[in-house]
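# Coordinate inspection notes
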Amino acid sequence: MKISTRGRYALRFMIDIAQHGKDVYVPLKEVAENQDISIKYLEQITSLLSKFGLLQSVRGPQGGYRLSKDPSEYTVGEILRITEGSLSPVSCLEGAENFCDRKETCTTLKIWEGLDKIINEYLDSVTLDKLLFECGVNEYVI
């Protein structure tokens, strides 16, 4: 599994927004400058994150983006699944059910199931507030 630029940038964007607190609208231009990401690329990412209810936005001179909920309620797994799709290491595990013709005789399926479980459990255990703390942002506005 390899996380694309879109997934990495989305995570950086969400952390940047979280640093400002959930009641502050942060201009896209500010995040673009802070993170050295083009505004055009961030517009695509924010559109996707807004569509799934992770962000709220306001237009105008005092506008920008803010989190829809507390940073502790966002997981890295949630953000990456929205931007990347499935995080499964093999295609047969991407859906809720494995429809592979070889699933009954596959000698490697247990390996992939174990890896899939570890990846998802780990990414779902890391929240934005944990990332903020680990990055040295011990105090942020809530």
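Everything that follows concerns the structure shown earlier in this document.
For the structure given in this document, a descriptive report is provided here. (Residues numbered from 1 in each chain as written. Predicted model: local features only at pLDDT ≥ 70, side-chain atom pairs only at ≥ 80, totals over all residues. Heavy atoms only, no water.)

Before going further, it helps to examine helix α5 (residues 109-125). With 17 residues, α5 extends 24 Å from end C-alpha to end C-alpha; this agrees with the ideal 24 Å at 1.5 Å per step. Residues of α5 that are buried include every one of Leu 109, Asp 116, Ile 119, Asn 120 and Leu 123, and no others. Here the buried residues of α5 occupy an arc of 100° about the axis, which is enough to place them on one side. Set apart from the buried face of α5 by more than 90 degrees, the exposed residues are Lys 110, Ile 111, Lys 117, Ile 118 and Tyr 122. In this structure, the buried residues of α5 make contact with α4 (76-84). (Helix = DSSP H or I, 4+ residues; strand = E, 2+ residues; numbered from the N terminus. Expected span 1.5 Å × (residues − 1). Buried < 20%, exposed > 50% of the residue type's maximum accessible area, 1.4 Å probe, protein only. Arc of directions from axis to C-beta. Contact = heavy atoms within 4.5 Å.)

Of the voids in this model, the largest pocket is the one considered here, and its volume is about 160 Å³. For the largest pocket, the full set of lining residues is Pro 27, Leu 28, Ser 57, Val 58, Arg 59, Gly 60, Pro 61, Gly 63, Gly 64 and Tyr 65. Elements that contribute at least two residues to the lining of the largest pocket include exactly β1 (55-58) and β2 (64-67). A class-by-class count of the residues in the lining of the largest pocket yields five nonpolar, four polar and one charged. (1 Å grid on protein atoms, 1.4 Å probe; cavity = no way out; pocket = protein on both sides within 12 Å on 5 of 7 lines; lining within 4 Å. Points joined across faces, edges and corners; volume = space filled by probe spheres on them. Nonpolar A, V, L, I, M, F, W, Y, C, P; charged D, E, K, R; others polar.)

Before going further, it helps to spend a moment on unusual backbone geometry. Even without being glycine, Asp 36 reaches a positive phi, approximately 55°. Among the structural elements, Asp 36 can be located in the loop between α2 (28-35) and α3 (39-51). By relative accessible area, which is 68% here, Asp 36 ends up exposed.

Time to look at the pairing of β1. Two faces make up the sheet, and in a regular strand the side chains alternate between them. Both β1 and β2 contribute to a ladder of four bridges, which runs antiparallel. Opposite Gln 56, over in β2, you have Arg 66 as the bridge partner. Hairpin connection, β1 to β2: the antiparallel pair is bridged by five residues, and Gly 60 has positive phi, about 110°. (Pairing = 2+ DSSP bridges.)

This paragraph deals with the packing of α2 against α3. Where α2 meets α3, the closest approach of the two axes is 10 Å, and the angle between their N-to-C directions is 115°. Classified by chirality, the crossing of α3 by α2 is right-handed. Residues Leu 28, Lys 29, Val 31 and Ala 32 of α2 pack against Ile 39, Leu 42, Glu 43 and Thr 46 of α3. Class assignment of the residues belonging to the contact of α2 with α3 gives a composition of five nonpolar, one polar and two charged. (Axes fitted to C-alpha atoms, helices over the stretch in contact; angles between N-to-C directions. Left-handed = near helix turned anticlockwise from the far one by under 90°.)

Another aspect to go through is the packing of aromatic side chains. All told, the structure shown has two aromatic pairs when counted by the stated rule. Look at Tyr 9 and Tyr 41: their rings are 5.4 Å apart centre to centre, the planes differ by 70°, and that puts the pair in the edge-to-face class. Of this pair, Tyr 9 sits in helix α1 (residues 5-19) while Tyr 41 sits in helix α3; the two residues are 32 residues apart in sequence, bridging distant segments of the chain. The class for Tyr 9 is buried, based on a relative accessible area of 18%. On the basis of relative accessible area, Tyr 41 is assigned to the partly exposed category, the value being 24%. Judged by centre distance (6.2 Å) and plane angle (80°), the ring pair of Phe 13 and Tyr 65 falls under edge-to-face. Of the two residues, Phe 13 sits in helix α1 while Tyr 65 sits in strand β2, which places them 52 residues apart along the sequence. Across the ring face of Tyr 74, the terminal group of Lys 69 is positioned such that the distance to the ring centre comes to 5.0 Å. (Phe/Tyr/Trp six-rings, centres within 6.5 Å; stacked < 30°, edge-to-face > 60°. Lys NZ or Arg CZ within 6 Å of the ring centre and 35° of its normal.)

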